[in-house]
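# Fold and geometry: a report
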Amino acid sequence: MSEVEMRHIAELVSALDKAAGKKPASAAGELNRQQICAALGVSESTIRRLEQAGLPYTPVGARSKRYDLEECKSWLKGNQVCQSGKTARVNSTSESWLMAKEFTESCRKVQLRVMPS
C-alpha cells in the first residue's frame, strides 16, 4: 500500500470515530506504557513500580494497559511514593571531589589508611 492510500485510510477511520463520538487515543488521555513514560519523564520500571503502589490504569486485553495522563498526574501529586528527590544532591562534581578530598585528608590526620576504590 502506498503512503497516500494509508493516509486516506487513516482519515476515513478518523472520520468514522468522529461520527461515532470517539476521541482519538491521545485526546482521550489513553496512553500506552511507552507514551506515559515519555509524558512523565520516567522509565518503564518506575511505571511498573508505581502500578504496584496503585497508579491508576485501564487493562486492555490480557497484557496491555492504558493510562489517563491527567488521572496519573493527580495520583502522583496525592501519593508521593516516588523516591527520587528524597536524597541529598551535591551541586557539582567539583564539590563532590572537594568533599572526598577533605575526607581523605581527615583520615590521614588520624593516620587511617584509605584504600582507593
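Each chain carries its own residue numbering, running from 1 in the written order of its sequence. Local features in this predicted model are restricted to residues whose pLDDT is 70 or higher, and side-chain atom pairs enter the listing and the counts only when it is 80 or higher, whereas totals over whole chains, interfaces and linings include all residues. The side-chain quantities take in all heavy atoms of the structure and omit both hydrogens and water.

Attention now moves to the pattern of salt bridges. A side chain with one charge can pair with a side chain of the opposite charge if their charged atoms come near. By definition here, a salt bridge exists when the distance from a side-chain nitrogen of Lys or Arg to a carboxyl oxygen of Asp or Glu is within 4 Å. Throughout the structure, instances matching the rule amount to three salt bridges. A salt bridge links Glu44 to Arg48, with the shortest nitrogen-to-oxygen separation between them at 3.5 Å. Highlighted residues: Glu44 and Arg48, both in helix 4 (residues 44–53), separated by four residues, approximately one helical turn. Burial classes: relative accessible area under 20% of the type maximum marks a residue as buried, over 50% as exposed, and values in between as partly exposed (1.4 Å probe, protein chains only). Glu44 gets classed as partly exposed once you look at its relative accessible area, which sits at 29%. The salt bridge partner of Lys65 is Glu51, with a shortest N-O separation of 2.8 Å. Remark: Glu51 occurs in helix 4 and Lys65 occurs in strand 3 (residues 64–68); sequence separation between them is 14 residues. A residue is classified by how much of its surface remains accessible, and Lys65, at 22% relative accessible area, is partly exposed. Think of it this way: any DSSP run of H or I at least four residues long counts as a helix, any run of E at least two long counts as a strand, and we number them from the N terminus.

Next up on the list: the side chain of Arg33. The topology assignment puts Arg33 in helix 3 (residues 33–40). Any pair of nitrogen or oxygen atoms within 3.5 Å is treated as a polar contact; in protein, a donor-acceptor pairing is required on top of that, and neighbouring residues in sequence qualify only through side-chain atoms on both sides. For Arg33, the side chain forms a polar contact with the side chain of Glu51, separated by 3.1 Å. Not counting chain neighbours up to four residues away, the residues in contact with Arg33 comprise Glu44, Ile47, Arg48, Glu51, Lys65 and Tyr67. The contact rule is simple, with two residues in contact once any of their heavy atoms fall within 4.5 Å.

A word on a nonpolar patch on the surface. Nonpolar side chains (Val, Leu, Ile, Met, Phe, Trp, Tyr) are joined into patches within 5 Å and like charges within 9 Å, using only residues with over 30% relative accessible area and no salt bridge. Method for areas: the Shrake-Rupley scheme with a 1.4 Å probe, in which residue coverage is limited to the protein chains shown. Taken together, Met6, Ile9 and Val13 make up a surface patch of nonpolar side chains, about 250 Å² in accessible area. With respect to the helices, strands and loops of the structure, Ile9 is situated in helix 1 (residues 3–20).

Adjacent strands of a sheet form backbone hydrogen bonds with each other and so pair up, either parallel or antiparallel. Note on pairing: two strands pair once DSSP finds at least 2 bridges between them. Across the sheet, which stays open at both edges, the three strands sit in the order 1-3-2 with antiparallel pairing between neighbours. Edge strands, defined here as strands with exactly one partner in the open sheet, are strand 1 (30–31) and strand 2 (58–60). In the sheet, strand 2 pairs with strand 3 via three bridges, with the strands oriented antiparallel. Bridge assignment links Pro59 to a residue of strand 3, and that residue is Lys65.

Here the focus is helix 3. Listed in full, the buried residues belonging to helix 3 are Arg33, Ile36 and Cys37. Buried residues in helix 3, looked at end-on, bunch into an arc of 105°, giving them a common side. Where the residues of helix 3 are buried, they touch strand 1, helix 4, strand 3 and helix 5 (69–78). Its side-chain oxygen placed 3.2 Å from the backbone nitrogen of Gln34, Asn32 serves as the N-cap of helix 3. Taken from the residues just after helix 3, Gly41 is the one with a positive phi, measuring 75°. Note that the arc is computed from the directions linking the helix axis to the C-beta atoms.

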